[in-house]
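# Working through the structure, step by step
Here is how the chains run, residue by residue.
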Amino acid sequence: MASQGLFITFEGMDGSGKTTQMHRLAARLRGLGRTVLETAEPGGTPIGTKIRRILLDSANQELCASAELLLYFASRAQNVDEWIAPALQRGEVVLADRFTDSSLVYQGYGRGLGAENVLALDRIACRGLKPNVTILVDIGAETSLARAHARNAAEPHCETRMDEQSVEFHQRVYEAYHALAEREPERVKVVDGRASFDEIERAVWAVVGAYVR
Ligand code: TYD
């Protein structure tokens, strides 16, 4: 898929603070006069938002692993077609809070569905679209679960199905993120998620600044 814009994704464990960093980066880029589309997965588009409700609803305990994988990609296919690809074709910057790497680590490794199955769906949903750069905001599995539980206790809501997975599941996700960063060091840049918000922001800019100047 040809595009002229810049596609940046944020990845990391739940509670890593990547959403805050994505908003800060968007504000900075807008300050430099760039047009920025911010999106998140699962969700983004109105159809994606409906799919998100199914995926994260803690009442949906019987959702099977392959249906889960397909729903994440259904949300992504809609996001690519309706929002991301058109914005990139207009030459804009697109920031996505999670993308295919999340499916790779959570479903491919966490659930054990296999990287090949995930990449096969990526070819259908994304048609060759890959992020120019991916920021991996790095925190460990235990910190992640502690932050997610604290957040859920402070603001009770029903979007907790993934947070309720076992420590072992989150540990596999953590290891898969690190393996990905080692396999694709040109694209996937690791920043320390235990640092302060301002320090993380500086680390993100140290990576992204080179793409926008
Ligand atoms: P969300 O509330 O958006 O969490 P966060 O702020 O941490 O991104 O929930 C998204 C959840 O869905 C999160 O636990 C990761 C999971 N997920 C997958 O398992 N596969 C995917 O492809 C995506 C996009 C997310």
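Up top is the structure these notes are about.
What comes next concerns the included structure. (Residues numbered from 1 in each chain as written. Predicted model: local features only at pLDDT ≥ 70, side-chain atom pairs only at ≥ 80, totals over all residues. Heavy atoms only, no water.)

The subject of this paragraph is the pattern of salt bridges. For the coordinates displayed, the defined rule picks out 17 salt bridges. With a closest N to O distance of 2.8 Å, Arg 52 and Glu 159 form a salt bridge. Of the two residues, Arg 52 is situated in helix H2 (residues 46-56) and Glu 159 in the loop between helix H6 (141-154) and helix H7 (167-183); the sequence distance between them amounts to 107 residues. Since its relative accessible area comes to 24%, Arg 52 is described here as partly exposed. Salt bridges sharing partners connect three or more residues here, namely Arg 24, Arg 28, Asp 198 and Glu 201. (Salt bridge = Lys/Arg side-chain N within 4 Å of Asp/Glu carboxyl O. Helix = DSSP H or I, 4+ residues; strand = E, 2+ residues; numbered from the N terminus. Buried < 20%, exposed > 50% of the residue type's maximum accessible area, 1.4 Å probe, protein only.)

What follows deals with the site of the ligand. Around the ligand there are 14 residues in total, and Asp 14, Lys 18, Arg 98, Ser 103 and Gln 107 lie nearest to it. Between the ligand and the protein, one listed contact pairs an oxygen atom with a side-chain N or O atom of Asp 14 at 2.7 Å. Here an oxygen atom of the ligand and a side-chain polar atom of Ser 103 are 2.6 Å apart. Considered on its own, the ligand offers 550 Å² of accessible surface; in the complex 91% of this is hidden by protein. The pocket occupied by the ligand, as judged from atoms lying within 2 Å of grid points, is the largest pocket. Mapped by element, the contributors of at least two residues to the shell around the ligand are H2, helix H3 (65-89) and helix H4 (100-110). Ranked by residues supplied to the shell around the ligand, first place goes to H4 with four residues. (Near = heavy atom within 4 Å. Polar contact = N/O pair within 3.5 Å; in protein donor to acceptor, adjacent residues only side chain to side chain. Areas by Shrake-Rupley, 256 points an atom, 1.4 Å probe, with all protein chains shown as cover. 1 Å grid on protein atoms, 1.4 Å probe; cavity = no way out; pocket = protein on both sides within 12 Å on 5 of 7 lines; lining within 4 Å. Sits in = over half its atoms within 2 Å of the grid points.)

Taken as a whole, this structure holds two cavities of 30 Å³ or more when the rule is applied. Space inside the largest cavity adds up to approximately 40 Å³. Every residue along the wall of the largest cavity is listed here: Gln 21, Arg 24, Leu 25, Arg 28, Glu 201, Val 204 and Trp 205. Residue assignment for the lining of the largest cavity shows that the elements contributing at least two residues are helix H1 (18-31) and helix H8 (197-212). Considering only enclosed or pocket space, the second largest cavity measures out at about 30 Å³ in volume. Forming the boundary of the second largest cavity are Gly 12, Met 13, Leu 136, Val 137, Asp 138, Ile 139, Tyr 174, Tyr 177 and His 178. For the lining of the second largest cavity, the secondary structure elements donating two or more residues are strand S4 (133-138) and H7. (Points joined across faces, edges and corners; volume = space filled by probe spheres on them.)

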